[in-house]
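Inside the fold
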Amino acid sequence: VLLEAMASGLPIITSQQVGTVHLVEDSESGFVLEHPNDQETLQQGLIALRDDPEYRKEMGQAARAVARAHSWQKMSHKYLQLMEQHAQSSASVASY
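Residues numbered from 1 in each chain as written. Predicted model: local features only at pLDDT ≥ 70, side-chain atom pairs only at ≥ 80, totals over all residues. Heavy atoms only, no water.

Packing of helix α2 (residues 39–51) against helix α3 (residues 53–69) brings their axes to within 5 Å, and their N-to-C directions diverge by 105 degrees. Taken together, the axis directions place α2 and α3 in an arrangement best described as roughly perpendicular. Every residue of α3 that contacts α2 at Ala 48, Leu 49, Arg 50 and Asp 51 is listed here: Pro 53, Tyr 55, Arg 56 and Met 59. (Axes fitted to C-alpha atoms, helices over the stretch in contact; angles between N-to-C directions. Helix = DSSP H or I, 4+ residues; strand = E, 2+ residues; numbered from the N terminus. Parallel < 35°, antiparallel > 145°, perpendicular 65-115°, else oblique. Contact = heavy atoms within 4.5 Å.)

Listed below in C-alpha cells is the structure:
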C-alpha cells in the first residue's frame, strides 16, 4: 500500500516500526515517526503539509520517484538477476 500511495504522488507519514520505513526519506518523501503514537510529530507533519502546498508537491514528487525506483518491473528484474547469479554459483560449485 505504501508504494501505491507513493506512486500516486502522496507524501507518506509512517513510523519506524513499519517494515517499509526504509523507502521513506524523512522530510523528503514523507515523515517518519519514531513511535506510532507520536501525536506531536504527526500533527506537525500534517500541519506542514496543509500549510505549504509547494512542500507537499515536492514531497509527492520525491515519493513518486521512490515508487518508480521500486516498480514491479525493476524489482522483478533485480530478483531475476539474483536468481541467475545464484544458479551460476551453484553450477560452479557442482562442477568441482
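Alright, that's what it looks like, and here's the rest.
Within this structure, the stated rule accounts for one aromatic pair. Ring centres of Phe 31 and Tyr 55 lie 6.3 Å apart, and the angle between their planes is 65 degrees; this geometry places the pair in the edge-to-face category. Taken together, the residues Phe 31 in strand β2 (residues 30–33) and Tyr 55 in helix α3 connect sequence positions 24 residues apart. Classification of Phe 31 as buried rests on a relative accessible area of 11%. The class for Tyr 55 is partly exposed, based on a relative accessible area of 22%. (Phe/Tyr/Trp six-rings, centres within 6.5 Å; stacked < 30°, edge-to-face > 60°. Buried < 20%, exposed > 50% of the residue type's maximum accessible area, 1.4 Å probe, protein only.)

Let us look at a nonpolar patch on the surface. A cluster of nonpolar residues, Tyr 79, Leu 80, Leu 82 and Met 83, forms a patch on the protein surface that exposes about 440 Å² of accessible area. Tracing the backbone through its elements, the reader meets Leu 80 in helix α4 (residues 72–94). Given a relative accessible area of 44%, Leu 80 falls into the partly exposed group. (Patch = residues over 30% accessible without salt bridge, like charges linked within 9 Å, V, L, I, M, F, W, Y side chains within 5 Å. Areas by Shrake-Rupley, 256 points an atom, 1.4 Å probe, with all protein chains shown as cover. Salt bridge = Lys/Arg side-chain N within 4 Å of Asp/Glu carboxyl O.)

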